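Reading the structure
If you want the building blocks of each chain, they are given just below.
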Amino acid sequence: MTWNETLTGFETHLEAGGKSNNTITAFLRDLRKFESAHLTITPEETTATHLDVFLAEQRIKQDGAPRSPNSLNRLRTSLRTFFCWMKESGRIDFNPASGIKTTSVTQKPPVYLTEQEERDLLRCLRDNRTRKYALRDAAIIHLLLDTGIRVGELVGLNLDDIDGKHLRVRRAKGGSPMVKFLPARTRKVIDSYIRQERKQFLKTKDNNALFLNQQGTRLNSRAVQLLVPVWVKRTGITKSVTPHTLRHTFATSLLNKTGNLLLVQKALGHRNVTTTQIYAHVAD
């Protein structure tokens, strides 16, 4: 069976298992990378030696820089998950990836905004609310700071997901729905964006996406990743800040205020509290 046929079946398997679009895209990208390095073999012909050679080659990027341990672990996980599925679905008799193990990686403390930096950022948004797209961007940044949702979850929001004091995330990471509380300041900013600015983006009346781009279509994750640093730089904050930094800020603030790690775990949607443990070190 060809790689295209097999990967189509694997993609269907991941979708049926409730994997997020980002996870599926990452898996397929890693497997396509392996395929491009071994164009002459089919998935069924892959051996453990092929996988070892590929992973050894991936330790160094094309520019000569070493690949990060997290990136290598993701490659190992993609290969192991794929060939495990191949074995379980009867496509192969022996799993060539059975010996692949991920390595232990020391977690770096998360980068987050201090209380003063957060206040400065929100003040900058207020002071520049007449700028183009400012109301939309303010609503986005408030949501990230006050709910801790991921970028993929944010861009998937629809108008009817805003329900009074609550935000419904219909498909959070892992496929499970979540309900988030919306503070008054966030509700006010979202309402201003919907009433005053969203209609300027709208090209068709049947578009239910909460956040739109200038073409009138749903805003994508990359656009959010680009707009957050623009406002951070405009504020005068010099540290490197991404949308995920705002999620870290939400988690750190919540832990400092409550001292309850399990509450933070639930708010972030982590399946395992060990994932949330990195914020305990920051709070200490």
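As the structure is a prediction and not an experimental result, all values here were calculated from the model.

Regarding the side chain of Thr-6
As for its placement among the helices and strands, Thr-6 is situated in helix α1 (residues 3-16). Not counting the four nearest positions on each side in its chain, Thr-6 is found in contact with Met-1, Pro-43, Glu-44, Phe-82, Trp-85 and Met-86.

Observations concerning the pairing of strand β2 (residues 166-169)
On β2, burial follows the alternation: Leu-167 and Val-169 on one face are buried, whereas His-166 and Arg-168 on the facing-out side are not. Note that strand β1 (residues 162-163) and β2 share 2 bridges and pair antiparallel. Each residue of the ladder has a partner; that of Ile-162, found in β2, is Leu-167. In this sheet, strand β3 (residues 178-181) lies alongside β2 in antiparallel orientation, the contact comprising 4 bridges. Within β3, the position partnered with Val-169 by the bridge is Met-178.

As for the environment of Phe-94
Along the chain, Phe-94 turns up in the loop between α4 (69-88) and α5 (115-127). Taking relative accessible area as the criterion, Phe-94 reaches 58% and is therefore assigned exposed. Expressed as a C-alpha distance, the spacing of Phe-94 and Cys-84, which sit 10 residues apart in the sequence, is 9.3 Å.

Considerations on the packing of α1 against α4
Their axes nearest at 11 Å, the elements α1 and α4 cross at an angle of 95 degrees. As summarised for this structure, α1 and α4 are arranged roughly perpendicular, according to the angle between their axes. Contacts from Trp-3, Thr-6, Leu-7, Gly-9, Phe-10 and His-13 of α1 reach α4 at Thr-81, Phe-82, Trp-85 and Met-86. Classifying every residue of the contact of α1 with α4 by side-chain character gives 6 nonpolar, 4 polar and no charged.

Here we look at the packing of aromatic side chains
A full pass over the atoms with the stated rule returns 10 aromatic pairs. For the pair Trp-3 and Phe-34, a centre-to-centre distance of 5.9 Å together with 65 degrees between the ring planes defines the contact as edge-to-face. With a gap of 31 residues between them, Trp-3 in helix α1 and Phe-34 in helix α2 (residues 21-37) connect regions that are remote in the sequence. Each member of the pair Trp-3 and Phe-34 is classed as buried. Here the aromatic rings of Tyr-133 and Phe-201 are separated by 5.5 Å at their centres, their planes lie at 25 degrees, and the arrangement is stacked. Here Tyr-133, found in the loop between α5 and α6 (134-147), pairs with Phe-201, found in helix α8 (residues 184-201); they are 68 residues apart in sequence, far enough to count as distant.

Parameters at a glance
- Residues numbered from 1 in each chain as written.
- Predicted model: local features only at pLDDT ≥ 70, side-chain atom pairs only at ≥ 80, totals over all residues.
- Heavy atoms only, no water.
- Helix = DSSP H or I, 4+ residues; strand = E, 2+ residues; numbered from the N terminus.
- Contact = heavy atoms within 4.5 Å.
- Buried < 20%, exposed > 50% of the residue type's maximum accessible area, 1.4 Å probe, protein only.
- Pairing = 2+ DSSP bridges.
- Axes fitted to C-alpha atoms, helices over the stretch in contact; angles between N-to-C directions.
- Parallel < 35°, antiparallel > 145°, perpendicular 65-115°, else oblique.
- Nonpolar A, V, L, I, M, F, W, Y, C, P; charged D, E, K, R; others polar.
- Phe/Tyr/Trp six-rings, centres within 6.5 Å; stacked < 30°, edge-to-face > 60°.

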